[in-house]
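Descriptive analysis of the structure
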Amino acid sequence: MHDIRFIRENAAVFDAGLKRRGLAPRAAEILALDEKARGLTSQLQDLQTKRNAASKAIGAAKAKKDEAEAARLMAEVEAVKQEMPRLEAEEAGAKKALDEILAALPNLPAADVPDGADESGNVEMRKWGEPNRINNAKEHFDIGEALGLMDFETAAKMSGARFVILSGALARLERAIANLMLDTHTAEFGYTEVSPPALVRDMAPFGVGQLPKFEEDLFRTTNGYWLTSTAEVTLSNIVADCIVDDDYLPRRYTAWTPCFRSEAGAAGKDTRGMIRMHQFSKVELVSITTPDKSVEEHERMTSCAEAILKKLELPFRTMALCAGDMGFASRKTYDIEVWLPGQNRYREISSCSNCGDFQARRMKARWRKKGEKGAEFVHTLNGSGLAVGRTLVAILENYQQADGSVAVPAALQGYMGGMTVIGK
């Protein structure tokens, strides 16, 4: 959510930020609605003052036995009472229209975000490891199905497309990957592990910017709950409607959860395999910080996600997303892309975003210096640490062997009971 005071004082800057996002200017429209709402509020306040003064005067007139004056004043009060509901309805309508516009506009990009309209404008920041060049490299679904441990057909019978059944060593590998991530993020990087709900009410996805704009991307139950598309929703909302002291911050949370996405805009994309699923699991990272620390925290979070890929010895590159390719709530995003030999290209495995105070305004999440009365909005950050299914995909493709088996990365062998190879 945007700060209306910022728009009043920086209309040109606001429109310039929207332009970088590929959007038309909106400041004039917003400020006209804001002026209308404020004008109606002022009129209501004047009417309330007039009504209160007249009500007082009625008593004085009656005390003087001036019935004519009392009658005139009573008629004045009645006229005000008749006028106020109309103005109140107009004020509520103007405020609602203003809120709807502000809620539907994305965050403004930070000054150091590259310009660009789409992913072609993204900038490579760094690269780790050399891409594996494997002769006749297979994609993960061919490897998994040949092992007899990845079953899309049976999953489709019960659930439809974009679901999978993992069994045996691959099911264990998925669990091992998540455990490595959780153990690393908690023991080495100081994140607090959380087991949050998978069902939430409207306010939670609204708070992180998923509602109302992205309703079609989410699954909803018949009794009004939303299935979470990422633990960002629940972990960020831990501080919703709160004012925390500065010694509470930073807060760093991690969770391994199922995630549910309708993939409404993914028709024809990644129709085979585990890259784009309706249900998948992810280890999420969320940080709540003071504004002066969020840039530093963003770099830290990204390095924590990169550390998992280094442990698994999976080649990757880190990209700074351009203004036109960032997510709705983000002011700056790094995408980490892992190398997939079967596709012969890098694919996204994590997005780490600094949202500034954009989500905090929607969640009403604030902080204050200890002992002070004033409060300001926190900054929120989120990132995948990592997507578990895509990490499994990357392991299958990078550790595939000529005989169809898959070597188990050294970092996971302890979680796999000492297993070094997954064979048929």
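One can find the structure itself at the top, above this paragraph.
Residues numbered from 1 in each chain as written. Predicted model: local features only at pLDDT ≥ 70, side-chain atom pairs only at ≥ 80, totals over all residues. Heavy atoms only, no water.

Okay, the overall build of the protein next. When its secondary structure is counted, the protein shows 13 helices and 18 strands. For 424 residues, the compact-globule formula gives about 22 Å, and the C-alpha radius of gyration of the protein, at 28 Å, lies well above that figure. Overall, the protein is about 105 × 45 × 40 Å in size when its C-alpha atoms are taken along their principal axes. Looking at the protein as a whole, 49% of its 424 residues are labelled buried. Sequence-distant contacts, at least 24 apart, represent 72% of the contacts inside the protein between residues at least 6 apart. (Helix = DSSP H or I, 4+ residues; strand = E, 2+ residues; numbered from the N terminus. Rg over C-alpha atoms; globule rule 2.2 N^0.38 Å. Buried < 20%, exposed > 50% of the residue type's maximum accessible area, 1.4 Å probe, protein only. Contact = heavy atoms within 4.5 Å.)

By the definition in use, this model includes 26 salt bridges. A salt bridge links Asp-142 to Arg-272; the nearest nitrogen and oxygen atoms lie 3.9 Å apart. Placement of the pair is Asp-142 in helix α5 (residues 140-147) and Arg-272 in the loop between β9 (251-260) and β10 (279-289), with a sequence separation of 130 residues. Given the relative accessible area of 47%, Arg-272 is considered partly exposed. A salt bridge links Asp-202 to Arg-220, with the shortest nitrogen-to-oxygen separation between them at 3.3 Å. One end of the pair, Asp-202, is in the loop between β5 (199-200) and α8 (203-207); the other, Arg-220, is in strand β6 (residues 219-220), with 18 residues separating them in the sequence. (Salt bridge = Lys/Arg side-chain N within 4 Å of Asp/Glu carboxyl O.)

Right, let's get into α5. Looking at α5, one finds that the buried residues are His-140, Phe-141, Ile-143, Gly-144 and Leu-147. In an axial view of α5, the angular spread of the buried residues amounts to 160 degrees, which keeps them on one side of the axis. Looking at the buried side of α5, the elements it contacts are β2 (150-151), α6 (152-159), α7 (168-187), α12 (388-398), β17 (406-407) and β18 (421-422). Two residues or fewer past α5, Gly-148 is found with a positive phi of approximately 75 degrees. (Arc of directions from axis to C-beta.)

What follows is about the nonpolar core. Met-150, Leu-173, Leu-412 and Ile-422 are the most contacted members of the largest nonpolar core, which totals 54 residues. Tallying contributions element by element places α7 first for this core, with 9 residues. Setting aside anything within four residues of it in sequence, one finds Leu-412 in contact with Leu-173, Ala-176, Ile-177, Leu-180, Leu-312 and Ile-395. (Core = buried A, V, L, I, M, F, W, Y, C linked by side-chain atoms within 4.5 Å.)

What follows deals with the sheet that holds β10. Read from one edge to the other, the open sheet built from 8 strands follows the order β1-β11-β12-β13-β16-β10-β9-β4, with strand pairing classed as mixed. One side of each edge strand has no neighbouring strand; the edge strands of this open sheet are β1 (123-128) and β4 (192-193). In terms of strand pairing, β4 meets β9 through 2 bridges, oriented parallel. Bridged to Thr-192 within β9 is Tyr-253. Its contacts with the sheet put α7 on β4, β9, β10 and β16 (379-387), and the angle it makes with β9 is roughly 165 degrees. Contacts from helix α10 (residues 294-311) reach β1, β9, β10, β11 (316-320), β12 (332-340), β13 (345-354) and β16, with the element oriented near 5 degrees to β16. (Pairing = 2+ DSSP bridges. Axes fitted to C-alpha atoms, helices over the stretch in contact; angles between N-to-C directions.)

The subject of this paragraph is the pairing of β9. When β9 meets β10, the two strands line up antiparallel, connected through 10 bridges. Each residue of the ladder has a partner; that of Thr-257, found in β10, is Lys-282.

With that settled, consider α6. Where α6 begins, one side-chain oxygen reaches toward the backbone nitrogen of Glu-153, 3.1 Å away; that side chain belongs to Asp-151. Where α6 terminates, the next one or two residues include Gly-160, which has phi positive at roughly 95 degrees. (Polar contact = N/O pair within 3.5 Å; in protein donor to acceptor, adjacent residues only side chain to side chain.)

Once that is clear, we can look at the sheet that holds strand β8 (residues 243-245). In sheet architecture, strand pairing relies on hydrogen bonds along the backbone and comes in two forms, parallel and antiparallel. Read from one edge of the open sheet, 3 strands run β8-β14-β15, paired in mixed fashion. The two strands at the open ends of the sheet, each matched to only one other strand, are β8 and β15 (376-377). Inspection of the sheet shows β8 paired to strand β14 (residues 366-368) by 3 bridges, in the parallel sense. Paired with Asp-245 across the strands is Arg-368, a residue of β14.

On to the packing of aromatic side chains, then. A complete count under the given rule lists 4 aromatic pairs for this structure. Considering the side-chain rings of Trp-128 and Phe-316, the 5.7 Å spacing of their centres and the 15 degrees angle between planes classify their relative orientation as stacked. Note that Trp-128 is positioned in strand β1 and Phe-316 in strand β11, a separation of 188 residues in sequence. Residue class for Phe-316 comes out buried when judged on its relative accessible area of 2%. Measuring from ring centre to ring centre gives 5.7 Å for Phe-328 and Phe-358, while their planes differ by 75 degrees; the resulting arrangement is edge-to-face. Highlighted residues: Phe-328 in the loop between β11 and β12 and Phe-358 in helix α11 (residues 358-363), separated in sequence by 30 residues. (Phe/Tyr/Trp six-rings, centres within 6.5 Å; stacked < 30°, edge-to-face > 60°.)

Okay, the environment of Gly-423 next. For Gly-423, the location among the structural elements is in the segment after β18. Taking the relative accessible area as the measure of exposure, Gly-423 reaches 37% and is therefore partly exposed. If sequence neighbours within four positions are ignored, Gly-423 has contacts with Leu-147 and Ser-405.

When two helices pack together, their arrangement is given by the angle between the helix axes and by the axis-to-axis distance. Close contact between helix α2 (residues 11-20) and helix α3 (residues 27-63) brings their axes to 9 Å; oriented N to C, the two are set at 130 degrees. Judged by the inter-axis angle, α2 sits oblique to α3. Mapping the contact onto sequence places Ala-11, Phe-14 and Asp-15 in α2 and Ala-27, Ile-30 and Leu-31 in α3. Here the contact of α2 with α3 is composed, by residue class, of 5 nonpolar, no polar and 1 charged. (Parallel < 35°, antiparallel > 145°, perpendicular 65-115°, else oblique. Nonpolar A, V, L, I, M, F, W, Y, C, P; charged D, E, K, R; others polar.)

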